[in-house]
Amino acid sequence: ESEHVARIIDVATQPDGTFCLVRQFLEGTDLVAYLRTRGRLSLQEASLLVLQAAEAVAETHGHGIILREMQPQHLFVTTRAGGSPILKIIDFGTSKLMRDVAGPGGGEMTATTVVGLSAYASPEVLRKAKTIDVRADVWSLGALLYFVLTGRPPFDGDMATLLLQITKEAPQPVTQLRPDLPREIDQVIGWSMAKDSEGRFANVHGFAHALRPFVTAEGQVLIDRIGAITHAAANKRKTGS
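Residues numbered from 1 in each chain as written. Predicted model: local features only at pLDDT ≥ 70, side-chain atom pairs only at ≥ 80, totals over all residues. Heavy atoms only, no water.

Overview of the packing of helix H4 (residues 135-150) against helix H7 (residues 184-192)
Formally: Axis geometry follows a simple rule: fit a line to the C-alpha atoms, using only the stretch in contact for helices, then measure angles between N-to-C directions, giving values from 0 to 180 degrees. Labels follow the DSSP assignment, with helices taken as runs of H or I lasting at least four residues and strands as runs of E lasting at least two, numbered in each case from the N terminus. Crossing handedness follows the turn of the near helix against the far one: under a right angle anticlockwise gives a left-handed crossing, and clockwise gives a right-handed one. Contacts are residue-level and defined by heavy atoms, with any inter-residue pair within 4.5 Å sufficient.
Their axes nearest at 8 Å, the elements H4 and H7 cross at an angle of 145 degrees. With respect to the hand of their crossing, H4 and H7 are arranged in left-handed fashion. Each of Val-138, Trp-139, Gly-142, Leu-145, Tyr-146 and Leu-149 in H4 lies in contact with H7, whose residues at this interface are Ile-185, Ile-189 and Ser-192.

Examining H7
Counted only if it meets this: Only protein chains enter the accessibility calculation, which uses a 1.4 Å probe; a residue whose area is less than 20% of its type maximum is buried, one above 50% is exposed, and one in between is partly exposed. Throughout, the arc means the angular range of directions from the helix axis out to the C-beta atoms.
Regarding H7, the residues found buried are Ile-185, Val-188, Ile-189 and Ser-192. Along H7, the residues classed as buried sweep out an arc of 90 degrees about the axis, all on the same side. Of the surrounding secondary structure, the elements contacted by the buried residues of H7 are helix H2 (43-62), H4, helix H6 (174-177) and helix H8 (204-210).

Structural notes on a nonpolar patch on the surface
Filter applied, for reference: Patch construction takes residues with relative accessible area above 30% that form no salt bridge. Like charges are linked within 9 Å, and nonpolar side chains (Val, Leu, Ile, Met, Phe, Trp, Tyr) are linked within 5 Å. Here the accessible surface of atoms and residues is derived via Shrake-Rupley with a 1.4 Å probe, and residues count as covered only by protein chains that are part of the display. By definition here, a salt bridge exists when the distance from a side-chain nitrogen of Lys or Arg to a carboxyl oxygen of Asp or Glu is within 4 Å.
The grouping of Ile-8, Val-11, Phe-19 and Leu-21 at the surface amounts to a nonpolar patch, some 390 Å² of accessible area in total. Elements that contribute at least two residues to the nonpolar patch include exactly strand E1 (8-13) and strand E2 (19-23). Structurally, the position occupied by Leu-21 is in strand E2.

Bear in mind that shape data such as this cannot, by itself, settle questions of function.
Dropping the structure here:
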């Protein structure tokens, strides 16, 4: 139901067995093209866009689904009636259902397929760990925040280099590339992209709350909404309803 997810209007199967779907028509660009046009975003605008994605992710987690990997190409920026930007997730291709919603961080799942290798996939996803929980998506949100602030992914290189960097190395601090930004933003990204998931924010609300000092009133509303979604999902799991 999130306004930050592209709506699926209809699904069908063609006579030859091909599956198809009809999706909401959106005018705009994906996040890569958006940054190519706009350049690196201010901290307020970057935080607002990533929080919009985070709200959609929080609702997704509430339905027992983990995305596992969100690349900038999976996010589409269009505009509201008044002209302000609004972000929507348009690709859930790597998502998986949680196996056990009582796991750490809000749920576990079995990683049974290979996810595309990119700078936005967490170390445990690339290692094909036996269990992956919602903190894998916290990693992706942190990596996306890094991208919109710097205009480049947190890691880059061929497959072998990328795998080594993601599992062993820390990205270059954002403030080295953007001296105009406060050092606290390096802490937020560092906590969201910790190699060990135990060192990350426990859920999307923890990540969103850490951005509270950097956002406008609209961002504050998003953070509160993410908190409500997260707590409602936790209560649902406790009651088993």
